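The lines below spell out each chain.
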Amino acid sequence: MPRPTAAQLAYGSATVIVSTIAMLLLSQTSTGLGVAVISAAALALGLLVALTVPAPRRRGRHAAPTARQGAEGTSPATTRSAGADAEHPVHH
């Protein structure tokens, strides 16, 4: 199972805190059972929100080159560094 991202942790935690406070204020419960039920519901809602936050997409080895990359799949930074290496050779 992949680790949660910072966005997932932030959205999930904020959802738990805000929904717990909102439900406690709206329900005006004072019993331990009521607080426990609201807390469990807030945790479930926070988990749902954290899991639905889209994860960042990683590019695989066989991904199609982007518009900024050439047809051969080299990025401008790679091309630039190759030219810089040819201009300034390293002497060992």
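All residue numbers refer to position in the chain's written sequence, counted from 1. Note on the predicted model: pLDDT of at least 70 is required for a residue's local features to be given, and 80 or more for side-chain atom pairs to be given and counted; whole-chain, interface and lining totals, by contrast, use all residues. Only hydrogens and water are removed before side-chain values are computed, so all heavy atoms of the structure are retained for them.

Visitor: Just give me the short version of the packing of helix H1 (residues 6–27) against helix H2 (residues 32–52), but keep the residues and values in it.
Guide: At their nearest, the axes of H1 and H2 sit 8 Å apart, and the two run at 150 degrees to each other. One way to sum up the angle between H1 and H2 is to call them roughly antiparallel. Between H1 and H2 lies a crossing whose hand is right-handed. Side by side, H1 and H2 meet where Gln8, Tyr11, Gly12, Thr15, Val16, Ser19, Thr20, Met23, Leu24 and Ser27 of the first sit next to Val35, Ile38, Ala41, Ala42, Leu43, Leu45, Gly46, Val49 and Ala50 of the second. For this classification, the nonpolar set comprises Ala, Val, Leu, Ile, Met, Phe, Trp, Tyr, Cys and Pro, the charged set comprises Asp, Glu, Lys and Arg, and every other residue, Gly included, is treated as polar. For the contact of H1 with H2, the class distribution of residues is twelve nonpolar, seven polar and no charged. To obtain an axis, a line is fitted to C-alpha atoms, over the contacting stretch when the element is a helix, and the angle between two such axes runs from 0 to 180 degrees between their N-to-C directions. Secondary structure follows DSSP: runs of H or I at least 4 residues long count as helices, runs of E at least 2 residues long count as strands, and numbering of each begins at the N terminus. Angle categories: roughly parallel below 35 degrees, roughly antiparallel above 145, roughly perpendicular from 65 to 115, and oblique for all the rest. Crossings are classed by handedness, with left-handed meaning an anticlockwise turn of the near helix from the far one by less than a right angle and right-handed meaning a clockwise turn. Contacts: residue pairs with any heavy atoms within 4.5 Å of one another.

Visitor: Report on H1, specifying residues and quantitative values.
Guide: Here the expected length of a helix is defined as 1.5 Å per residue gap, with one fewer gap than residues. When the terminal C-alpha atoms of H1 are compared, their 31 Å separation across 22 residues agrees well with the 32 Å that a helix rising 1.5 Å per residue should span. Between buried and exposed lies partly exposed: a residue is buried under 20% and exposed over 50% of the maximum accessible area for its type, with that area taken using a 1.4 Å probe on protein chains only. Listing the buried residues of H1 in full gives Gln8, Gly12, Thr15, Ser19 and Thr20. Looking straight down H1, one finds that the buried residues subtend no more than 120 degrees of arc, so they occupy a single side. In H1, the exposed positions angled more than 90 degrees off the buried face are occupied by Ala6, Ile17, Val18 and Leu25. Buried-residue contacts for H1 involve H2. Gln28 sits one or two positions beyond H1 and adopts a positive phi of about 55 degrees. Directions from the helix axis toward the C-beta atoms define the arc.

Visitor: Talk me through H2; I want residue IDs and the actual numbers.
Guide: Relative to the 30 Å expected for 21 residues at 1.5 Å per residue, H2 spans 30 Å between its end C-alpha atoms, a close match to the ideal helical length. Burial in H2 covers these residues: Gly34, Ile38, Ala42, Gly46 and Ala50. Buried residues of H2 fall within an arc of 135 degrees about the axis and therefore sit on the same side. Opposite the buried face of H2, at more than 90 degrees from it, the exposed residues are Leu33, Val37, Leu43, Leu47, Leu48, Leu51 and Thr52. Against H1 lie the buried residues of H2.

Visitor: Give a description of unusual backbone geometry that names residues and reports values.
Guide: Not every positive phi belongs to a glycine, and Gln28 is a case in point at roughly 55 degrees. As for its position among the elements, Gln28 is in the loop between H1 and H2.

Visitor: I'd like a description of a nonpolar patch on the surface, backed by residues and values.
Guide: Nonpolar side chains collect at one region of the surface, where Ile17, Val18, Ile21 and Leu25 lie side by side and expose about 420 Å² of accessible area between them. Looking at the element boundaries, Val18 is found in helix H1. Looking at Val18, the relative accessible area reads 56%, which means it is exposed. Residues with no salt bridge and a relative accessible area higher than 30% make up the patches, which join like charges within 9 Å and nonpolar side chains (Val, Leu, Ile, Met, Phe, Trp, Tyr) within 5 Å. Here the accessible surface of atoms and residues is derived via Shrake-Rupley with a 1.4 Å probe, and residues count as covered only by protein chains that are part of the display. One speaks of a salt bridge when a side-chain nitrogen belonging to Lys or Arg is within 4 Å of a carboxyl oxygen belonging to Asp or Glu.

This is a description of form; function is not addressed.
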